[in-house]
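Tertiary structure, described
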Amino acid sequence: MKNSSIWAVSLILMTIILSLAGCSQQDEKETAATKDDKKVFTFSWSGDIGDLNPHTYFPNEFFSQAMVYESLVYYGKDGEIKPWLAKSWDVSENGKEYIFHLRDDVKFSDGSAFNAAIVKKNFDTVLANREQHDWIELINQIKTTEVIDNYTFKLTLHNAYYPTLQELTYVRPLRFVAESAFPASMDTYKNGLTAPIGTGPWVLKEHKENEYAIFESNDNYWGEKPKVDEVVVKVITDGESRVLAFEKGELDMIFGNGVISPDSFKFLKESGKYETKISEPTATRTLLFNTNRETMSDKNIRLALQHAFDKDAVIDNIFYGIENKADTLFPQNLAYTNVEVDPYEYDVEKAKALLDEAGWKTIEGKEFREKDGQPLQLELLFISTDNIQKSIAEFVQGDLRKIGVDVKLTSQESNTFWTTAFDGNYDMLFTATWAVPFDPHSYLASITTDSSGGGPDYYALSGLSFKKELDTRIKQVLLTTTEEDRIKQYHQILTMLHEEAVYLPISYQSNIAVYKKNIMGVDFLPQEVEIPTTTIDMKD
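Residues numbered from 1 in each chain as written. Predicted model: local features only at pLDDT ≥ 70, side-chain atom pairs only at ≥ 80, totals over all residues. Heavy atoms only, no water.

1. Here's the deal with the overall build of the chain
Helix and strand content of the chain: 19 helices and 23 strands. Taking 540 residues into account, the globule formula puts the C-alpha radius of gyration at 24 Å, and the chain, at 24 Å, falls close to it. Viewed in the frame of its principal axes, the chain has a C-alpha envelope of about 75 × 65 × 40 Å. Residue burial in the chain is summarised as follows: out of 540 residues, 55% are buried. Put simply, of all contacts in the chain between residues at least 6 apart along the chain, 69% involve residues at least 24 apart. For the chain, the computed accessible surface area is about 22800 Å², with 47% contributed by carbon and sulfur atoms. Put simply, the chain has 55 plus and 84 minus side-chain charges, and the middle of one group is 1 Å from the middle of the other. (Helix = DSSP H or I, 4+ residues; strand = E, 2+ residues; numbered from the N terminus. Rg over C-alpha atoms; globule rule 2.2 N^0.38 Å. Buried < 20%, exposed > 50% of the residue type's maximum accessible area, 1.4 Å probe, protein only. Contact = heavy atoms within 4.5 Å. Areas by Shrake-Rupley, 256 points an atom, 1.4 Å probe, with all protein chains shown as cover. Lys, Arg positive; Asp, Glu negative; His and termini not counted. Charge placed at Lys NZ, Arg CZ, Asp CG, Glu CD.)

Now the structure itself:
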């Protein structure tokens, strides 16, 4: 069935369901907006918020960690590093010492003081588990932490490290919990928190795992207070249910990437009943090839897949202009990523010739190519709740069938997906670069380590013959001290990765927002993973 026909049937079904549900909409809207005379803003996420520990990773969600915990410095628009919990800082001439002057008016949500001692304590518990966080090169570069006085904190590094301030803006792990949140062991990574107590604008009020979380405004917050009283985050795992909940008035906003299908976004936008926004490109949506698999270790196979995939068809038939075609690993508007490479153009005959050269031959009477009596089958892994990945996966399967490759589609929920990804049990999987402030340096640094806090790329690329050389080059570029040298080395690294065809860039992805017309203050923040909960307001 053609895509347009599928959408037409879906639209009719959705209309019928919404009509049946319509009688309850008004009551639910009134309940959501005026409960206890509070302004209650509700949106949904595909997974649970986790244990809300800023020093750990899965299953924690970036957006919820950013609501409760804050950083020394803030990543502002266009990459400007702005004061935050530190009101200013000094850097030594040799670039190895950073002295932070802390705000003296900050309290944690339990009323306890934020000062240099608690900053050091948080840094030290993170550094006690360096191996878990070494995807951030700054963790490896920190030599000592020191309290100078009550509101002055000093970091000493092994080497001058140019992204130091940038990495201190990350949502995790270098953010701060209160003294009372530390476990008896003082190890927050291994033993968790006694309670999620931060300095941020929100406090976790109520949490029912895999169902919902309620955040309330932090009465002790030092900065501009949120404009709504509470934020409710409902767990809704699939996009169609999310759209239905939004249409029924159970949600005030849909926000994020892949949270609903482009078809649904188009439908909601064209209904005229809601406000919609699309962010500037943030990161690159790609397929990652696992070079440890025997078939995928052959460069000719990887090149054949590049030429067999019709990106233009995907952009036209799935994204409707929401995302643009990508030919490079990173968007070229980022620092150090404007590298000229020859794109792999869509060319089915060239793809077939590359497979022939690799020894995978067509067999009369059989649909899929074979080599030594084995059919050419590749497994493509994707996240079951990601509506965009699912749609693209079906395109990939169709395109590769044309050149005699059998693609097995495997969908898994998010946590299982990442476990499988780190274990390397796949031929191809969907991934994306991490957007600013992580790209390009932290994404590339993660290639050099098998840290569970990083990405699956380390294992996927470890089948490359030049992996050691690649890792060395990445380590070197992070310690460069001149712009000229840095630009040159990033160009070499990105060219190597492109020529080895280990990533298949698909599109430069964006966040979308769909929200009711009574919602104000919706905007996209500099960090893709953050949601603008502090600026959002609701008209009566």
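The rest of the description comes next.
2. Observations regarding the packing of helix α18 (residues 467-478) against helix α19 (residues 483-500)
Interaxial distance between α18 and α19 falls to 9 Å at its minimum, and their mutual angle equals 155°. In terms of their interaxial angle, α18 and α19 are classed as roughly antiparallel. The chirality of how α18 crosses α19 is left-handed. Of α19, the residues touching α18 (which contributes Glu 469, Leu 470, Arg 473, Ile 474, Gln 476, Val 477 and Leu 478) are Arg 486, Gln 489, Tyr 490, Gln 492, Ile 493, Met 496 and Leu 497. Of the residues that constitute the contact of α18 with α19, the class distribution is 8 nonpolar, 3 polar and 3 charged. (Axes fitted to C-alpha atoms, helices over the stretch in contact; angles between N-to-C directions. Parallel < 35°, antiparallel > 145°, perpendicular 65-115°, else oblique. Left-handed = near helix turned anticlockwise from the far one by under 90°. Nonpolar A, V, L, I, M, F, W, Y, C, P; charged D, E, K, R; others polar.)

3. Regarding the sheet that holds strand β17 (residues 377-383)
Taken together, the 6 strands give an open sheet; going across it, the order is β14-β20-β13-β19-β17-β18, and neighbouring strands pair in mixed fashion. At either margin of the open sheet sits one strand with a lone partner, and together these are β14 (324-325) and β18 (406-412). The strands touched by helix α12 (residues 311-319) within the sheet are β13 (283-289), β14 and β20 (503-509), with β20 carrying the most contacts at an inclination of about 35°. (Pairing = 2+ DSSP bridges.)

4. Points about the packing of aromatic side chains
Inspection of the entire model under this criterion finds 27 aromatic pairs. Ring geometry for Phe 255 versus Phe 524: centroids 5.6 Å apart, planes at 35°, classification tilted. In this pair, Phe 255 is assigned in strand β11 (residues 253-256) and Phe 524 in the loop between β22 (519-520) and β23 (537-538), connecting sequence segments 269 residues apart. Given the relative accessible area of 21%, Phe 524 is considered partly exposed. Both rings, one in Tyr 336 and one in Tyr 490, keep their centres 5.1 Å apart while their planes meet at 15°; by these two values the pair is stacked. With Tyr 336 in the loop between β14 and α13 (348-357) and Tyr 490 in helix α19, this pair connects stretches of sequence that are 154 residues apart. Neither residue differs from the other here; Tyr 336 and Tyr 490 are each classed as buried. The rings of Tyr 57, Phe 62, Trp 135, Tyr 170, Phe 330, Trp 434, Phe 438, Tyr 443 and Tyr 503 are connected pair by pair, giving a single aromatic cluster. Arg 172 extends its terminal NZ or CZ atom over the ring of Phe 62, reaching a point 3.7 Å from the ring centre. Of note, Arg 486 hangs over the ring of Tyr 162, and the distance from its end group to the ring centre comes to 3.9 Å. (Phe/Tyr/Trp six-rings, centres within 6.5 Å; stacked < 30°, edge-to-face > 60°. Lys NZ or Arg CZ within 6 Å of the ring centre and 35° of its normal.)

5. Structural notes on the pairing of strand β9 (residues 212-217)
Note that strand β8 (residues 202-208) and β9 share 6 bridges and pair antiparallel. When the sheet's bridge partners are listed, Leu 204 is paired in β9 with Phe 215. Turn length for the β8-β9 hairpin, with the two strands adjacent in sequence and antiparallel, is 3 residues, and the turn residue Asn 210 shows positive phi of about 65°. Note: β9 against strand β10 (residues 230-235), 5 bridges, orientation antiparallel. Bridge pairing in β10 places Glu 216 opposite Glu 230.

6. As for unusual backbone geometry
In the segment running from Val 436 into Pro 437, the intervening peptide bond is cis, with an omega of 5°. Locating Pro 437 in the fold gives a position in the loop between β19 (428-432) and α16 (441-446). Pro 440 follows Asp 439 through a cis peptide bond whose omega is 0°. Among the structural elements, Pro 440 can be located in the loop between β19 and α16. Residue Ala 501 is not a glycine yet carries a positive backbone phi of 55°. As for its position among the elements, Ala 501 is in the loop between α19 and β20. Overall, Ala 501 belongs to the buried group, its relative accessible area being 0%.

7. Structural notes on the nonpolar core
Within the largest apolar cluster, 97 residues are counted, with the highest numbers of intra-cluster contacts made by Phe 100, Phe 114, Phe 123, Phe 215, Leu 461 and Leu 497. In terms of residues, this core owes the most to one element, helix α4 (residues 116-127), which gives 6 residues. Counting residues in hydrophobic clusters, the runner-up holds 36 residues, among them Phe 309, Leu 376, Ile 388 and Ala 393. (Core = buried A, V, L, I, M, F, W, Y, C linked by side-chain atoms within 4.5 Å.)

8. What about the sheet that holds strand β7 (residues 152-157)?
Across the sheet, which stays open at both edges, the 4 strands sit in the order β4-β5-β7-β6 with antiparallel pairing between neighbours. For this open sheet the edge positions go to β4 (86-91) and β6 (142-149), each flanked by a neighbour on one side alone. Direction aside, the axes of adjacent strands within the sheet are offset by 20° on average. Relative to strand β5 (residues 97-102), β4 is paired through 5 bridges, and the arrangement is antiparallel. Paired with Ser 88 across the two strands is His 101, which belongs to β5. Against the sheet, α4 engages β5, β6 and β7, with an angle of about 165° to β6.

9. Describing helix α14 (residues 387-401)
Since the α-helix advances by 3.6 residues per turn, residues separated by three or four positions end up pointing in the same direction. Over its 15 residues, α14 runs 22 Å from end to end, which matches the ideal 21 Å to within 8%, given 1.5 Å per residue. Residues of α14 that are buried: Asn 387, Ile 388, Gln 389, Ile 392, Ala 393, Val 396, Asp 399 and Leu 400. Looking at where α14 begins, the residue whose side-chain oxygen comes 3.0 Å from the main-chain nitrogen of Ile 388 is Asp 386. (Expected span 1.5 Å × (residues − 1). Polar contact = N/O pair within 3.5 Å; in protein donor to acceptor, adjacent residues only side chain to side chain.)

10. Side note on the pairing of β17
For a regular strand, the rule is simple: side chains alternate between the two faces of the sheet. In terms of residue burial, β17 counts as a mostly covered element, since 6 of its 7 residues are buried. Examined bridge by bridge, β17 and β18 share 7 bridges and lie parallel to one another. Across the sheet, the residue bridging to Leu 378 is Val 407, located in β18. Taken together, β17, α14 and β18 constitute a β-α-β crossover, and its handedness is right-handed. Judged from the 2 bridges that link them, β17 and β19 form a sheet pairing that is parallel. When the sheet's bridge partners are listed, Leu 380 is paired in β19 with Met 428. (Right-handed = clockwise from strand over helix to strand, strands pointing away.)

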